[in-house]
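# Structural description and commentary
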Amino acid sequence: MNVLASTVSLTVGDVAASSRFFTEHFGFTEQMAAEGFVSLGHETAKLSIVLLQAGIEVLPENLRQQRASGVIVAFTVENLEAEEKRLRDEGVEITLPLREEPWGERLFMVTDPNGVCVELVEWVQQ
């Protein structure tokens, strides 16, 4: 299999609020949009994000009311402290403070207006 791209699709209650969060704070841009749907791309990330309005009929009926619960969207970045400071300065609440795990992962988390957890990660060279 030759994977050409990766996309995460998140069902949320307010597509516009999540779209603004990812564009304003993480540099994503709107690629496509329609009622209840936004596709976001990023110049350097190898990931697209699709936001779907809860209840939208494009989803199978048993998934229409499920939300992006328990999902963590993780971005590997450089200079984690600077990213945390930037987000704090932009008024984004840090929902999990900066910490380092025993296996060499440094991280912190923020949460978008729909409850989507976003983790910023930097790996420590050991």
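These numbers were taken from a predicted model, which means no experiment stands behind them. (Residues numbered from 1 in each chain as written. Predicted model: local features only at pLDDT ≥ 70, side-chain atom pairs only at ≥ 80, totals over all residues. Heavy atoms only, no water.)

### Some details on the packing of aromatic side chains
Tallied over the entire structure, the rule returns six aromatic pairs. Taking 5.6 Å as the distance between ring centres and 50 degrees as the angle between the ring planes, the aromatic pair formed by phenylalanine 26 and phenylalanine 75 counts as tilted. Residue phenylalanine 26 is located in helix 1 (residues 15-26), and its partner phenylalanine 75 is located in strand 5 (residues 72-76); the two are separated by 49 residues in the primary sequence. Exposure remark for phenylalanine 26: the relative accessible area of 11% places this residue in the buried category. On the basis of relative accessibility, which here comes to 13%, the residue phenylalanine 75 falls in the buried class. Ring plane angle 40 degrees and centroid distance 5.7 Å describe the contact between phenylalanine 28 and phenylalanine 75, whose orientation is recorded as tilted. Pair noted here: phenylalanine 28 is in the loop between helix 1 and strand 2 (29-34) and phenylalanine 75 is in strand 5, with a separation of 47 residues, a long-range link. The exposure classification of phenylalanine 28 matches that of phenylalanine 75, with both residues buried. Three or more aromatic residues joined by ring pairs make a cluster, and in this case those are Phe21, Phe22, Phe26, Phe28 and Phe75. (Phe/Tyr/Trp six-rings, centres within 6.5 Å; stacked < 30°, edge-to-face > 60°. Helix = DSSP H or I, 4+ residues; strand = E, 2+ residues; numbered from the N terminus. Buried < 20%, exposed > 50% of the residue type's maximum accessible area, 1.4 Å probe, protein only.)

### Points about the pattern of salt bridges
What the rule picks out here adds up to eight salt bridges. Through salt bridges with shared partners, a single ionic network connects Glu81, Glu100, Arg106 and Glu122. (Salt bridge = Lys/Arg side-chain N within 4 Å of Asp/Glu carboxyl O.)

### Describing helix 1
Its twelve residues give helix 1 an end-to-end C-alpha distance of 16 Å, which sits within 8% of 16 Å, the value for a rise of 1.5 Å per residue. Inspection of helix 1 places Val15, Ala17, Ser18, Ser19, Phe21, Phe22, His25 and Phe26 among the buried residues, and these make up the whole buried set. Its side-chain oxygen at 3.2 Å from the backbone nitrogen of alanine 16, aspartate 14 defines the N-terminal cap of helix 1. Following helix 1 by one or two positions, glycine 27 has its phi on the positive side, about 75 degrees. (Expected span 1.5 Å × (residues − 1). Polar contact = N/O pair within 3.5 Å; in protein donor to acceptor, adjacent residues only side chain to side chain.)

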